[in-house]
Amino acid sequence: MRRGRWLAVLFCLCWLMIAAWPAGAKGENENTDELAVVTADRVNVRQGPGVPYRPLANVHRGETYRLLDVKDGWVKIEWKPNRTGWIATPYAAPVQRMEIVQEDRLRLRQEPSLDGRIIGHLAQGDRVAVIQEEGEWKQIVTNEAVGWAAASYLAAAEPLRNSQRTGVVTADSLNVRIAPSLDAERVGRLVRGEHVEIVETKQDWYKIVARSGSGGWVAADYVEMKSGQAVESEEDAVVASVSPVGVSLAAIQGNGPRRYVSRWTRGPIQALAGKTVVLDAGHGGKDGGAQSVNGVVEKALTMETAERLKEKLEMYGARVVLTRAGDDYVPLSARVAAARLYQADAFISLHYDSAADRDASGITVYYYDRFADYGLAQSFQGPFTQLSTLPFRGIAFGDYYVLRENERPSVLLELGYLSNPSDAGTVATDGYQEAVTTAIASAVRRYFE
Ligand SMILES: [Zn+2]
């Protein structure tokens, strides 16, 4: 009974959020300021808005990505489903709109004038990003160049949001890939009955965003289209309330997922506003930590977890500080000092376990101080128990330096055993990283509630 009432409340909340969505959002700059196009040949995507931040990936001229934020001469993009990073603005520009070239061998010029030097040609049907307009000219970005084309030979591409629909996964297990090809890297997995938003179609593939938060390409054969809207039942509304991504999908209601994502960072859920969380990715540099039989190194995995977690906590409005920015060796004393320096409301040290007993498996939460740390540790009980991928071993006292010497509320999480081949295989997957960081973010929210 109580559960039923909760469902009803959540359901109403979701609808309220939809109703309260700024009316100006719809139609305003339709299909714009949501994409960024890369304007230089090869550009680093960095972990943060500045050159000192670690490069995560390379992107190339003409490629478009979801634009999430603009800050101090840097733009934040989603360079891979659920992975974000920053590009310096000279090398990326917000897309005004996507357009289709209407004539074969359309000239691309250096200047917006018939006297402008010809720097290339476009083919009929090419999809190009328009970044600026000047009189009868539009500045566009292709894989080869940035130049100007006569506006009369360009026509607006069909907005993606018009083709956006809801689907349900019909296969027991459906791979999500980074590109529409069976050879493309697998970035996630969906199970039967999962709801997805279809944002793009390419031959036999759908580009989807799942309610669970993962996104990418799936074989269209295994997704059944639904004609209904994003939120149809109480059950859907509850799913939608679990994760911020879910809420975004509930909140879009015909407004397109890309539209939402650009607003998401300043979205309505700011449960952790004013809180500072220091995330400590265990090990680093010369200290690799534990290593699995299949070569997974703890220091790399803890960093991956920290980065994903940082993103999630920031979505809830928290200020998040990492004790290391890349593969650096940072002494334990410096990690503890960061908690003091930033007056952390919570310090979370991330690790992966190792034991002589190869059967040892699962997640453990360690605390040191019965008074200062135990409350934080306890908030993990629920989210970790609900995690289906690895067993939760429980909350335990741990005499670790980063806890013992810490003046701030702190816990150390061991998120699976690298010494156990099965655990090691699990923890390295995209699905586990998503699930475990969602669980941790949920625990942090519980703690501050
Ligand atoms: Zn460790």
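Residues numbered from 1 in each chain as written. Predicted model: local features only at pLDDT ≥ 70, side-chain atom pairs only at ≥ 80, totals over all residues.

As annotated in an unreviewed UniProt entry, the protein chain is Cell wall hydrolase from Geobacillus genomosp. 3.

(A) Layout of the overall build of the protein chain. Across its full length, the protein chain holds 11 helices and 27 strands. Within the protein chain, the proportion of its 449 residues that are buried is 43%. In the protein chain, of all internal contacts separated by at least 6 residues, the share reaching a separation of at least 24 is 66%. (Helix = DSSP H or I, 4+ residues; strand = E, 2+ residues; numbered from the N terminus. Buried ≥ 20, exposed ≤ 12 C-beta atoms within 10 Å, placed from the backbone. Contact = placed C-beta atoms within 7 Å.)

(B) Structural detail: the nonpolar core. One finds Val-277, Leu-279, Leu-313, Ala-346, Ile-348, Val-411 and Val-444 to be the most contacted residues of the largest nonpolar core, which totals 52 residues. No other element matches the 8 residues that helix H11 (residues 430–448) contributes to this core. In this structure Val-411 touches Ile-348, Val-365, Tyr-366, Tyr-367, Asp-373, Leu-376 and Ala-377, once residues within four positions along its chain are discounted. In this structure, Leu-68, Ala-92, Val-141 and Ala-149 belong to the second largest nonpolar core, which totals 32 residues. (Core = buried A, V, L, I, M, F, W, Y, C linked by C-beta atoms within 7 Å.)

(C) Highlighting the environment of Ile-348. Within the secondary structure, Ile-348 sits in strand E24 (residues 346–353). The class for Ile-348 is buried, based on 28 C-beta atoms found within 10 Å. For the pair formed by Ile-348 and Leu-279, sequence separation is 69 residues and the distance between their alpha carbons is 5.1 Å. Those residues in contact with Ile-348, other than ones at most four positions away along the chain, are Val-277, Leu-279, Asp-280, Val-411 and Leu-413.

(D) Layout of the packing of helix H5 (residues 298–315) against H11. Between H5 and H11, the shortest axis-to-axis distance is 9 Å and the interhelical angle comes to 50°. Overall, the two elements H5 and H11 adopt an arrangement that is oblique. The two elements H5 and H11 cross, and the hand of that crossing is right-handed. Along its contact with H5, which presents Glu-304, Thr-305, Arg-308, Leu-309, Lys-312 and Leu-313, the element H11 presents Gln-433, Val-436, Thr-437, Thr-438, Ile-440, Ala-441 and Val-444. In terms of residue class, the contact of H5 with H11 is made up of 6 nonpolar, 4 polar and 3 charged. (Axes fitted to C-alpha atoms, helices over the stretch in contact; angles between N-to-C directions. Parallel < 35°, antiparallel > 145°, perpendicular 65-115°, else oblique. Left-handed = near helix turned anticlockwise from the far one by under 90°. Nonpolar A, V, L, I, M, F, W, Y, C, P; charged D, E, K, R; others polar.)

(E) How the structure looks around the pairing of strand E8 (residues 97–101). Two strands pair when backbone bridges link them, and E8 and strand E11 (residues 127–134) are joined in this way by 4 bridges, in the antiparallel orientation. Paired with Met-98 across the two strands is Ala-129, which belongs to E11. As judged from the 3 bridges shared by E8 and strand E14 (residues 154–156), these two strands associate in the antiparallel manner. Note on E14: the bridge partner recorded for Ile-100 is Ala-155. (Pairing = 2+ DSSP bridges.)

(F) Inspection of the sheet that holds strand E25 (residues 363–367) at higher detail. Spatially, the 6 strands line up as an open sheet ordered E23-E22-E24-E27-E25-E26, and their pairing is mixed. Single-partner strands in this sheet number two, and they are strand E23 (319–322) and strand E26 (392–397). The sheet shows a mean angle of 20° between the axes of neighbouring strands, direction not considered. Pairing between E24 and strand E27 (residues 410–417): 6 bridges, direction parallel. Each residue of the ladder has a partner; that of Leu-350, found in E27, is Leu-413. Packing of helix H6 (residues 332–341) onto the sheet brings it into contact with strand E22 (276–281), E23, E24 and E27, and relative to E22 it is tilted by some 170°.

(G) Up close: H5. Over its 18 residues, H5 runs 26 Å from end to end, which matches the ideal 26 Å to within 8%, given 1.5 Å per residue. Counting buried positions over the 18 residues of H5 gives 14, a clear majority of the element. Directly after H5, the chain includes Gly-317, whose backbone phi takes a positive value near 95°. (Expected span 1.5 Å × (residues − 1).)

(H) Expanded view of unusual backbone geometry. At His-283, a residue that is not glycine, the phi angle is positive and equals roughly 65°. Relative to the assigned elements, His-283 resides in the loop between E22 and H5. Although it is not a glycine, Gln-343 sits at a positive phi angle of roughly 50°.

(I) Focus on the confidence of the model for the protein chain. Counting all residues, the mean pLDDT for the protein chain is 79, and 80% of those residues have values of 70 or more. Low pLDDT, under 50, characterises residues 16–33; the predicted model gives this stretch 19 contacts beyond four residues in sequence or across chains. Throughout residues 227–268 the model reports pLDDT below 50, and contacts reaching past four residues in sequence, or to other chains, amount to 88 contacts. (pLDDT = per-residue confidence, 0-100.)

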